[in-house]
Amino acid sequence: DGAEAFARAATACSMDPAALIFEAPWGLERLSLGDTVIGERGSSHLQSAVAARAALATAAADQLCNCLDDAVLGSLRARQARMPSGLEVFGLALDDALATEMRNMARVRLE
C-alpha cells in the first residue's frame, strides 16, 4: 500500500539517533494527498508517522535548547543544517490536536 510506504519513509529517521543531533536527514516533511483514496490501514500508518515525527521534532528541539556546547552549535551553523520538521499531510484529516501542537511548538522553539 502506498500510504504505508510513505509512512515508513517518514518515520525511518525517528529510529536513527543521528537525526536527533542533526547528522542524518529527516526525509519526508510534506505529503499532498488531496483527492487520494487511502484505506483505513494506510490512514492509520500515516497518523502514526505524523505523531512519531512530531515527537522527534520535539526531542530535537529539546536537545538543541539544552545544548551548551558552542562547538556543536557552530557545526550546525557551518553545515547550514536545516531545521527539523514534523510530517504534515495535506488533503487528509490525519493530525490529532496533540501532534499538531507538538509539531508547532518544536517549530517555534527551533526558530
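Residues numbered from 1 in each chain as written. Predicted model: local features only at pLDDT ≥ 70, side-chain atom pairs only at ≥ 80, totals over all residues. Heavy atoms only, no water.

## Some points on helix α3 (residues 40-65)
Argument step 1. The end-to-end C-alpha distance of α3 is 37 Å, a good match for the 38 Å that 26 residues give at a rise of 1.5 Å each.
Argument step 2. Among the residues of α3, Gly42, Leu46, Ala49, Val50, Arg53, Ala54, Leu56, Ala57, Ala60 and Ala61 are the ones counted as buried. (Helix = DSSP H or I, 4+ residues; strand = E, 2+ residues; numbered from the N terminus. Expected span 1.5 Å × (residues − 1). Buried < 20%, exposed > 50% of the residue type's maximum accessible area, 1.4 Å probe, protein only.)

## A word on unusual backbone geometry
Argument step 1. For Asp35, which is not glycine, the phi dihedral falls at a positive 60°.
Argument step 2. Within the secondary structure, Asp35 is located in the loop between β1 (30-32) and α3.

## Comments concerning the side chain of Glu88
Argument step 1. Looking at the element boundaries, Glu88 is found in strand β2 (residues 88-90).
Argument step 2. Taking relative accessible area as the criterion, Glu88 reaches 15% and is therefore assigned buried.
Argument step 3. In terms of polar contacts, Glu88 uses its side chain to reach the side chain of Arg107, at 3.4 Å. (Polar contact = N/O pair within 3.5 Å; in protein donor to acceptor, adjacent residues only side chain to side chain.)

## So, the packing of α3 against helix α5 (residues 97-110)
Argument step 1. At a closest axis distance of 8 Å, the pairing of α3 and α5 adopts a crossing angle of 30°. When the axis of α3 is compared with that of α5, the two are roughly parallel. Crossing handedness for the pair α3 and α5: left-handed. Facing Val50, Ala51, Ala54, Ala55, Ala57, Thr58, Ala61, Asp62, Leu64 and Cys65 of α3, the residues of α5 in contact are Ala99, Met102, Arg103, Ala106, Arg109 and Leu110. (Axes fitted to C-alpha atoms, helices over the stretch in contact; angles between N-to-C directions. Parallel < 35°, antiparallel > 145°, perpendicular 65-115°, else oblique. Left-handed = near helix turned anticlockwise from the far one by under 90°. Contact = heavy atoms within 4.5 Å.)

## What to know about the nonpolar core
Argument step 1. In terms of nonpolar packing, the biggest core is built from 13 residues, with Leu31, Leu33, Leu46, Ala49, Val50, Leu87 and Val89 touching the most fellow members.
Argument step 2. Those elements that provide at least two residues to this core are α1 (2-11) and α3.
Argument step 3. It is α3 that contributes the most residues to this core, four residues altogether.
Argument step 4. One finds Cys13, Ala61, Ala106 and Leu110 within the second-largest nonpolar core, a separate group that totals eleven residues. (Core = buried A, V, L, I, M, F, W, Y, C linked by side-chain atoms within 4.5 Å.)

## Overview of the pattern of salt bridges
Argument step 1. Scanning all chains against the criterion turns up five salt bridges.
Argument step 2. A salt bridge links Arg107 to Glu88; the nearest nitrogen and oxygen atoms lie 3.4 Å apart. Of this pair, Arg107 sits in helix α5 while Glu88 sits in strand β2, and the two are 19 residues apart along the sequence.
Argument step 3. Assessed through its relative accessible area of 26%, Arg107 is described here as partly exposed.
Argument step 4. Look at the salt bridges and you will find they share partners, linking Glu29, Arg30, Glu88 and Arg107 into a network. (Salt bridge = Lys/Arg side-chain N within 4 Å of Asp/Glu carboxyl O.)

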